[in-house]
Amino acid sequence: MAQLLSMKAVSERVGYSESKLYAMIREGEFPPGRKLATGGVRWLDADVDDWIKRAYAQAPEARLRLA
């Protein structure tokens, strides 16, 4: 079942601060939320998960040097 997420929940799920996410929304780099008739803005968990998957797929492999 789909779940609606608050900005705080999105921030925790993605690992970015709320201000960083709002900046990314303004730049078109993160999906905007939807205004609810009852007030407030929420994100569909599937939209956030899709963004995470795309961002991970596009990220270069980390080259860590283990001492």
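Residues numbered from 1 in each chain as written. Predicted model: local features only at pLDDT ≥ 70, side-chain atom pairs only at ≥ 80, totals over all residues. Heavy atoms only, no water.

This next bit is on the overall build of the chain. Each helix and strand counted, the chain has three helices and three strands in total. Its helices and strands in sequence order give the chain the pattern β-α-α-β-β-α, from N to C terminus. Each principal axis of the C-alpha atoms in the chain carries an extent, and together these give about 55 × 30 × 20 Å. For the chain, buried positions account for 19% of its 67 residues. Long-range pairs, those at least 24 residues apart, make up 45% of the contacts in the chain with a sequence separation of at least 6. Split by element, the accessible area of the chain, about 5,500 Å² in all, is 52% carbon and sulfur. Of the charged side chains in the chain, 11 are positive and 9 negative; the average position of the first set lies 2 Å away from that of the second. (Helix = DSSP H or I, 4+ residues; strand = E, 2+ residues; numbered from the N terminus. Buried < 20%, exposed > 50% of the residue type's maximum accessible area, 1.4 Å probe, protein only. Contact = heavy atoms within 4.5 Å. Areas by Shrake-Rupley, 256 points an atom, 1.4 Å probe, with all protein chains shown as cover. Lys, Arg positive; Asp, Glu negative; His and termini not counted. Charge placed at Lys NZ, Arg CZ, Asp CG, Glu CD.)

Attention shifts here to the packing of helix α1 (residues 7-14) against helix α2 (residues 18-26). Here α1 crosses α2 at 95 degrees, and the two axes come no closer than 9 Å. With respect to each other, α1 and α2 are oriented roughly perpendicular. Residues Met7, Lys8, Val10, Ser11 and Val14 of α1 form the contact with α2, whose own contacting residues are Glu18, Leu21, Tyr22 and Ile25. Of the residues assigned to the contact of α1 with α2, the class counts are six nonpolar, one polar and two charged. (Axes fitted to C-alpha atoms, helices over the stretch in contact; angles between N-to-C directions. Parallel < 35°, antiparallel > 145°, perpendicular 65-115°, else oblique. Nonpolar A, V, L, I, M, F, W, Y, C, P; charged D, E, K, R; others polar.)

Our focus in this paragraph is the pairing of strand β3 (residues 41-44). In this sheet, β3 lies alongside strand β1 (residues 4-5) in antiparallel orientation, the contact comprising two bridges. Along β3, the bridge assignment pairs Leu4 with Leu44. Two elements, strand β2 (residues 34-35) and β3, share two bridges in a ladder whose sense is antiparallel. Within β3, the position partnered with Lys35 by the bridge is Val41. Taken together, β2 and the strand that follows it, β3, pair antiparallel across an intervening segment of five residues, in which Gly39 is found at a positive phi of about 105 degrees. (Pairing = 2+ DSSP bridges.)

Read from one edge to the other, the open sheet built from three strands follows the order β1-β3-β2, with strand pairing classed as antiparallel. Both edges of this open sheet fall to β1 and β2, since each of them pairs with a single strand only.

Further remarks concern α1. Considered for burial, the residues of α1 that qualify are Met7, Val10, Ser11 and Val14. For α1, the angular spread of the buried residues around the axis is 100 degrees, confining them to a single face. Those residues of α1 that are exposed and angled more than 90 degrees off the buried face are Lys8 and Glu12. Its buried side turned inward, α1 meets β1, α2, β3 and α3 (45-58). Taken from the residues just after α1, Gly15 is the one with a positive phi, measuring 90 degrees. (Arc of directions from axis to C-beta.)

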